[in-house]
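Letter by letter, the chains look like this.
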2 protein chains.
Amino acid sequence: MTRIAILGSTGSIGRSTLKIVEAYPERFSIVTLAAGNNIDIAFEDAKRWKPKIISMATAEGAEQLRKKLKVAGLEKIEVSEGTAGTVKVATHPEVDFVVSAIVGVAGLEATYEAVKAGKTVGLANKECLVAAGELLTVEARRQAKPLLPIDSEHNAVHQCMRAGRMEEVERVWLTASGGPFLNTPKSQFAGITVQQALNHPTWKMGQRITIDSATLMNKGFEVIEACRLFNLPPSRVQVMVHPQSTIHSMVEFVDGSILAQLSVTDMRLPILYALTYPERIISDLRLDVGELKRLDFAEPDLDKFPCLRLAYQAAEAGGAKTIALNAADEVAVAAFLEGKIRFTDISRVIARVLDETLDRHPESIIEVLLVDGEARRAAQKVVQGTKVTSTGPALVR
Amino acid sequence: MTRIAILGSTGSIGRSTLKIVEAYPERFSIVTLAAGNNIDIAFEDAKRWKPKIISMATAEGAEQLRKKLKVAGLEKIEVSEGTAGTVKVATHPEVDFVVSAIVGVAGLEATYEAVKAGKTVGLANKECLVAAGELLTVEARRQAKPLLPIDSEHNAVHQCMRAGRMEEVERVWLTASGGPFLNTPKSQFAGITVQQALNHPTWKMGQRITIDSATLMNKGFEVIEACRLFNLPPSRVQVMVHPQSTIHSMVEFVDGSILAQLSVTDMRLPILYALTYPERIISDLRLDVGELKRLDFAEPDLDKFPCLRLAYQAAEAGGAKTIALNAADEVAVAAFLEGKIRFTDISRVIARVLDETLDRHPESIIEVLLVDGEARRAAQKVVQGTKVTSTGPALVR
């Protein structure tokens with residue numbers, strides 16, 4: 001029995017994890033949950049899973065949930081809140097496996113504490129590796145516990161890596177669907193609307209990650225994640241466009257053999273893999289190989305997708321630059337979604353913030369959060385200085 | 001240092017193996033060689049590699065080689081001959097690794113003796129598994145030594161298998177280039193010439209295997225080999241057409257993950273893999289992933305390629321039927337190459353012989369050879385009874 005804590009239980013990865021726990025009651029149990037702001041879902045989950053602790057994002061949320069649980073006669077369930085609550089959820093002594101799926105830097109501290117507490121951690125949160133990957137991977141190595149990737153690309157890489165040893169890896173190939181603008185001419189990029197950018201061809205995801213997929217910044221983050229998870233320099237992590245998203249990534253070994261992982265595009269598969277690793281258990285998440293007709297590949301166009309180039313630059317520098325990359329992107333994407341800047345401004349905002357960020361290597365989560373905050377403020381300033389004209393693209397002044 | 005015996009040193013796999021030994025002199029050495037009938041190549045190899053023993057296919061060949069070696073002052077190299085000579089080569093006490101690459105049943109006994117002597121065996125010879133796989137795999141398990149496949153498909157499967165455990169395998173997908181007649185209408189099959197059939201789109205190989213690729217019988221043999229190597233029923237070994245031959249095969253695990261192996265179409269890669277397993281060493285056998293454009297897949301057409309269906313039938317029955325399948329195919333292909341029967345008669349000859357073969361499970365190599373001989377005689381009879389008319393397809397009377 002694997003005893004699970006979910007950080008981000010009301011989000012998409014959280015829901016998929018609960019579906020899996022439901023499907024395999026003999027293998028998995030829920031010990032603790034860290035929810036977001038959705039009281040109704042948190043309440044239903046508390047009733048259904050009877051966690052030891054459930055934590056809400058805010059004090060108000062926690063208070064509301066406490067009241068509802070009392071009315072339902074479930075006051076025994078401890079309700080906690082904020083970062084401290086998430087840390088409690090992540091480090092509960094009965095927890096074996098922590099699913100880290102809180103979007104943004106909010107889950108950083110709890111994930112780090114989980115690793116320090118010797119938990120096996122499944123990482124669905126990009127920020128953990130992009131902003132604090134250097135700290136996390138060192139600590140996981142010290143604990144001799146695996147950091148298991150719960151996203152389709154790195155999970156695929158993890159699977160392919162098993163066909164050889166770490167030091168036999170020549171290169172990792174991350175596949176990218178290419179997003180909705182793969183075939184859009186560069187000249188039309190400035191006019192891309194929010195609605196167009198939210199229309200991802202193969203994956204249904206949250207808004208930020210969908211925009212990040214449209215700019216290929218998401219793939220850039222994945223390059224950084226791969227470098228940290230698999231201890232590779234950025235030059236050994238390459239991106240290839242593969243519109244069907246059937247091959248989730250590939251590993252090239254020194255002898256010239258390349259291993260690829262294929263599957264349906266369903267997040268339950270990497271979650272299940274991480275939860276059961278090193279075993280595999282039967283699922284109905286089947287790719288119909290007989291129906292495979294054609295797989296296409298292309299090199300990414302760095303001129304059309306400058307975010308990917310920026311990510312490689314940040315990856316080379318590491319430390320503060322990757323924190324700033326993530327922070328500036330989050331601010332820029334939010335500004336784009338609010339109509340404050342154009343699609344093409346996203347990379348401009350990030351480039352400016354990267355330029356302003358000094359090379360540093362934070363040695364604690366607090367330092368990471370300080371750099372993150374600085375970069376956010378810098379990005380907000382750039383956004384505020386960006387003028388959207390009615391006739392042309394937005395301009396970074 | 002891996003000390004190697006090559007059974008079939010003058011053939012294509014033998015030459016590739018020697019190229020590898022040449023490229024990595026610090027890792028590999030040649031202890032013994034079993035050559036075919038080519039005295040000149042055998043003599044050059046003897047001079048270059050100074051094996052302890054070199055065996056020739058025939059007594060005449062051995063005598064000629066002895067004379068040449070004496071003239072060259074190399075009479076210390078022991079020259080042996082025939083099956084006994086090949087067994088000596090395969091079981092030499094200083095040999096660690098035996099490359100089994102003699103085409104046909106001639107290498108059967110030596111390969112079996114190598115396994116019994118506790119050598120690690122790399123199998124490039126189909127007959128070993130198709131005709132005697134049940135015996136070989138049992139003996140290899142008893143010796144706790146791996147049987148390592150040296151052909152691109154099973155080598156790919158072997159690599160993919162490393163991402164899970166044997167009991168977690170749902171299915172193996174063998175890829176097939178489809179051969180030169182993938183897109184030829186069935187109505188034209190009876191008129192296929194020897195020259196057309198020898199024109200394989202992706203691999204340069206010997207004549208028999210090229211014809212077997214054109215009928216898909218080669219893939220049928222591979223289904224049987226996969227069943228035996230990986231202990232799977234035929235229903236769990238499937239074939240998919242993949243004209244580019246870039247994915248060499250795939251393994252589907254019970255959780256729904258599929259691992260695929262991709263590489264250049266160069267036999268040196270699976271040979272190198274087998275020789276160094278479980279390690280991988282650096283080679284320049286590189287697939288340019290950046291140049292990958294498109295991979296296509298289709299289901300095989302069993303109406304056009306009845307040999308594949310016959311192979312599945314034989315695989316289900318096992319034992320004598322698979323021996324007869326191989327023997328009848330060898331006779332039928334030879335008859336086709338000699339213009340005695342038509343392309344479409346190959347499957348008819350084999351079907352007839354399979355019908356006539358009783359279900360038995362030979363328990364020794366001698367019994368295997370007896371069944372093999374019977375099936376060959378039966379196939380010869382069917383071939384002799386086949387009338388090639390000048391106006392229409394050849395007919396099995």
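Everything below is about the structure printed above this text.
Draft legend 1. Local environment of helix α4 (residues 82-91) of chain B. Along α4(B), the positions that sit buried rather than exposed are Gly82(B), Gly85(B), Thr86(B), Val87(B), Val89(B) and Ala90(B). Buried positions along α4(B) lie against β1 (2-7), β2 (28-34), β3 (53-56), β4 (78-81), β5 (97-100) and α5 (108-116) of chain B.

Draft legend 2. The sheet that holds β3(B), seen in detail. All names here are of chain B. Reading across the sheet, the 7 strands line up as β4-β3-β2-β1-β5-β6-β7 and stay open at both edges, with parallel pairing between neighbours. Either end of the sheet is taken by a strand with one partner, and the two such strands are β4 and β7 (147-149). Sheet twist, expressed as the average angle between the axes of neighbouring strands with direction ignored, equals 25°. The pairing of β5 with strand β6 (residues 120-123) spans 4 bridges and is classified as parallel. Following the sheet pairing, Val99 is matched in β6 by Gly122. Contacts from helix α3 (residues 59-71) reach β3 and β4 within the one sheet, and its direction differs from that of β4 by about 170°.

Draft legend 3. Focus on the nonpolar core. In terms of nonpolar packing, the biggest core is built from 180 residues, with Leu325(A), Ile346(A), Leu325(B) and Ile346(B) touching the most fellow members. Contact partners of Leu325(B), with chain neighbours within four places excluded, come to Met217(B), Phe221(B), Ile224(B), Leu310(B), Ala311(B), Ala314(B), Ile350(B) and Leu354(B).

Draft legend 4. Up close: the interface of chain B and chain A. In this assembly, 44 residues from chain B lie in contact with 44 residues from chain A. Summed over both sides, the interface of chain B with chain A buries roughly 3800 Å², with 52% coming from carbon and sulfur. Our count for the chain B to chain A interface comes out at 8 salt bridges. Its salt-bridge partner being Arg165(B), residue Glu279(A) comes within 4.0 Å of it at the nearest N-O pair. Here chain B and chain A share 28 residue pairs in polar contact (both at pLDDT 80 or more) between them. Of all the elements in the fold, those that place two or more residues in the side of chain B that touches chain A are α7 (152-161), β8 (169-176), β10 (247-253), β11 (258-262), α11 (268-276) and β12 (294-296) of chain B. Looking at the side of chain B that touches chain A element by element, the count peaks at 5 residues for β11(B). Of the residues contributing to the side of chain B that touches chain A, the split by class is 23 nonpolar, 8 polar and 13 charged. Relative to β12(B), strand β12 (residues 294-296) of chain A runs antiparallel, the two sharing 3 bridges.

Draft legend 5. Highlighting the sheet that holds strand β9 (residues 237-241) of chain B. The sheet built from 8 strands is open, its strands ordered β9(A)-β8(A)-β10(A)-β11(A)-β11(B)-β10(B)-β8(B)-β9(B) with mixed pairing. Edge positions in the open sheet fall to β9 (237-241) of chain A together with β9 of chain B, since each of these has one partner strand only. Across the sheet, the axes of successive neighbouring strands diverge by a mean angle of 25°, strand direction being ignored. Where β8(B) meets β10(B), 5 bridges bridge the pair, whose relative direction is antiparallel. Considered in β10(B), the bridge of Val169(B) is made with Phe253(B). Against the sheet, helix α10 (residues 217-230) of chain B contacts β8 and β9 of chain B, and its axis sits at roughly 155° relative to β8(B).

Each value, and the rule that gives it
- Residues numbered from 1 in each chain as written.
- Chains lettered and ligands numbered in written order.
- Predicted model: local features only at pLDDT ≥ 70, side-chain atom pairs only at ≥ 80, totals over all residues.
- Heavy atoms only, no water.
- Buried < 20%, exposed > 50% of the residue type's maximum accessible area, 1.4 Å probe, protein only.
- Helix = DSSP H or I, 4+ residues; strand = E, 2+ residues; numbered from the N terminus.
- Contact = heavy atoms within 4.5 Å.
- Pairing = 2+ DSSP bridges.
- Axes fitted to C-alpha atoms, helices over the stretch in contact; angles between N-to-C directions.
- Core = buried A, V, L, I, M, F, W, Y, C linked by side-chain atoms within 4.5 Å.
- Buried area = accessible area lost by both parts, 1.4 Å probe.
- Salt bridge = Lys/Arg side-chain N within 4 Å of Asp/Glu carboxyl O.
- Polar contact = N/O pair within 3.5 Å; in protein donor to acceptor, adjacent residues only side chain to side chain.
- Nonpolar A, V, L, I, M, F, W, Y, C, P; charged D, E, K, R; others polar.

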